[in-house]
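Structural description and commentary
What follows is the residue order along each chain.
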Amino acid sequence: MNNAIKSTISRRILILSCSLIVALLFSLFTCTQAFADTAADESISLSATYKAKTGVTLSFTSTSADNQYSIKRATSLSGSYTELDNVTSQSGTISYTDTDVTGAHIYYYRVDQIIDDAIAVSSDVVTVKVTLSAPAKVKTTIKSSKKVKITWSKVTGANKYVIYRSTKKSGSYIKLKATKKTSYTDKTTTSGKAYYYKIMAKNTSASWAASNYSKAAAAYQKPAATTISGSSKNSKVYLTWNKVSGAKKYFIYRKTAGKKYKLIKKTKKLSYTDKKTDVGKIYKYKIIAVYTKDGKKIKSNPSNILKLRCNNVDPNGKMIALTFDDGPGPYTNAILNCLKKYDARATFFVVGSNAKNYKSILKKADSLGCEIGNHTYSHPYLSKLSASGVRSQMSKTDKIVKSATGHKTTLMRTPYGAFNSTVKSSVGKPIILWSIDTLDWKTRNTTKTVNCVMSNAKDGDIVLMHDIHEPTKNAVLKMVPRLVKKGYQLVTVSELAQYRGYKLKNGNVYHSLR
């Protein structure tokens, strides 16, 4: 073969070899490009948000349903990652919510794209600080006029709770106390006010983890109970009462025998005249102080009960108070009938050991407008007893009187008129003595008793007698019409005090009310 032919063949082989190399390189490039088309995304953009009620929500975008992703979490930046979920066959925006998170912790999240069981590409690490949940189930309980107890549910991750208070639901809240407990008693409240409480959960080692405020919990302190007083004259009943802090209105309730209390008036004033009354009829009154908050009416406890007999007493006329000690007894009923006949009233200072056997008489006396006073249970010398002994004597009789009439006594008389500083500080009621002592217990003489009263009676006098003696009963039947004829109005001790402008005070001693 000549050289020319050899040279031609060599050139052709070289050209063929080059073509093969080019084809091989093109094939390799094509395969590489095809692999690249199915390889990992260039980047994964991961975002995260935290909400207390749901958890940490992660979001990223998948470019193809053929892609596979591993969602992972670590509890430290350099710590090991744990797979939370594996996502396949999804494209577009992918969301995943991690609900297994604890307040006051920092979590680190990333997403890996997996190809052939290997990590092809990873997202940047996203750091999420999980704050504490706001305390739930916040409740308030009124413990007293000065105390409110607040309770709430435990918050996982919290080691301290801060209590805030306001007197306006949407007002500014001031810090009251920080505590590790899930309850707190606010001892600085006042009657007649509304209070609102919010709780914040904290972790002392992670100040950033503090929760939001809880929902506000309201506590409505009732207004204090007012004190009612009154009198009857000119066929009307006149009521007055004390102003109560926080109260905006006063509800007046009235009842008569055999009836229930009925609301008769709402007023902002501190007085009321009841004109819808009948002379000779007994009325009972009580008042409730009220304020309105958040659409609720907050009511006080009822005031004291005021019992009055509607009468046409002349405030400027002569008055005298007949009083009877040591009963009730077998002659008390006749005395009551006489008083009723002449539209008169008296005060009976009863001994508990006797009164327990005459409850029907107590009830009758009360219904006629007469007054029941306390004369101890067993008629001892109170000045010889301890303070607790004095209180026991009073309490036992009050219970008996209340069981018969529905209310306790408001006045007392010491047996034998004996008292000392211990008695005065322990009886808890005004001490009513007398200005005319008939000595009926000693004389047992009807005429002497009548003469004693008729010859000594003056306006404002308090007369001492005993309804357990028959001569005294006979004396009453004679003296009552004579006193009425002489222009005396026979009233109870409390009525005499009201008409003469006295405000009887516990522990004070009164002989007359002129």
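This text goes with the structure placed above it.
Residues numbered from 1 in each chain as written. Predicted model: local features only at pLDDT ≥ 70, side-chain atom pairs only at ≥ 80, totals over all residues. Heavy atoms only, no water.

1. Some details on the overall build of the chain
- Counting secondary structure elements, the chain contains 10 helices and 31 strands.
- At 46 Å, the chain has a C-alpha radius of gyration far larger than the 24 Å of a compact globule built from 514 residues.
- Referenced to the eigenvectors of the C-alpha coordinate spread, the extents of the chain come out at roughly 185 × 50 × 35 Å.
- Sorting the 514 residues of the chain into buried and exposed places 44% on the buried side. (Helix = DSSP H or I, 4+ residues; strand = E, 2+ residues; numbered from the N terminus. Rg over C-alpha atoms; globule rule 2.2 N^0.38 Å. Buried < 20%, exposed > 50% of the residue type's maximum accessible area, 1.4 Å probe, protein only.)

2. Considering the sheet that holds strand β1 (residues 47–51)
- Taken in spatial order, the three strands of this open sheet run β1-β2-β5, and their pairing is antiparallel. The open sheet has two edge strands, β1 and β5 (92–98), and neither has a second partner. Geometrically, the sheet is characterised by an average inter-axis angle of 20° between neighbouring strands, direction not taken into account.
- One ladder, built from seven bridges, connects strand β2 (residues 55–62) with β5; its direction is antiparallel. Bridge pairing links T57 to T97 in β5. (Pairing = 2+ DSSP bridges. Axes fitted to C-alpha atoms, helices over the stretch in contact; angles between N-to-C directions.)

3. Some points on the side chain of T409
- Tracing the chain through its elements places T409 in the loop between α5 (387–405) and α6 (421–426).
- Within the local environment of T409, its side chain forms a polar contact with the side chain of D398, the two groups lying 2.5 Å apart.
- Leave out the neighbours within four places in its chain, and T409 touches I372, G373, N374, D398, V401 and K429. (Polar contact = N/O pair within 3.5 Å; in protein donor to acceptor, adjacent residues only side chain to side chain. Contact = heavy atoms within 4.5 Å.)

4. Let's talk about the pairing of strand β18 (residues 249–255)
- Here β18 lies mainly inside the structure; six of its seven residues are buried.
- Relative to strand β21 (residues 282–293), β18 runs antiparallel, the two being bridged by seven bridges. Looking at the pairing, K249 lines up with V290 of β21.
- Note that β18 and strand β19 (residues 262–267) share five bridges and pair antiparallel. Paired with Y250 across the bridge in β19 is T267.
- The antiparallel hairpin formed by β18 and β19 contains six residues in its connecting segment, where G258 sits at a positive phi of about 80°.

5. Topic: the nonpolar core
- Grouped together as the largest cluster of nonpolar side chains are 37 residues, with contacts concentrated most on L322, F348, M479 and L483.
- Taken together, the elements giving at least two residues each to this core come down to β24 (319–325), α2 (332–341), β25 (347–350), α4 (359–367), α5, α8 (446–456), β29 (461–466) and α9 (470–485).
- Broken down by element, this core gets its largest block of residues, five residues, from α9.
- Apart from the residues within four sequence positions on either side, M479 is in contact with T449, V450, V453, M454 and M465. (Core = buried A, V, L, I, M, F, W, Y, C linked by side-chain atoms within 4.5 Å.)

6. Notes on the sheet that holds strand β15 (residues 217–220)
- Taken together, four strands build an open sheet; the order of strands is β12-β11-β14-β15 and the sheet is antiparallel. Each edge of the sheet is formed by a strand with only one pairing partner; in this case those strands are β12 (174–179) and β15. Strand-to-strand twist of the sheet, defined as the mean angle between neighbouring strand axes without regard to direction, takes the value 25°.
- Pairing analysis gives four bridges linking strand β14 (residues 194–202) to β15, with the strands arranged antiparallel. Among the inter-strand pairings, Y196 is bridged to a residue of β15, identified as A218.

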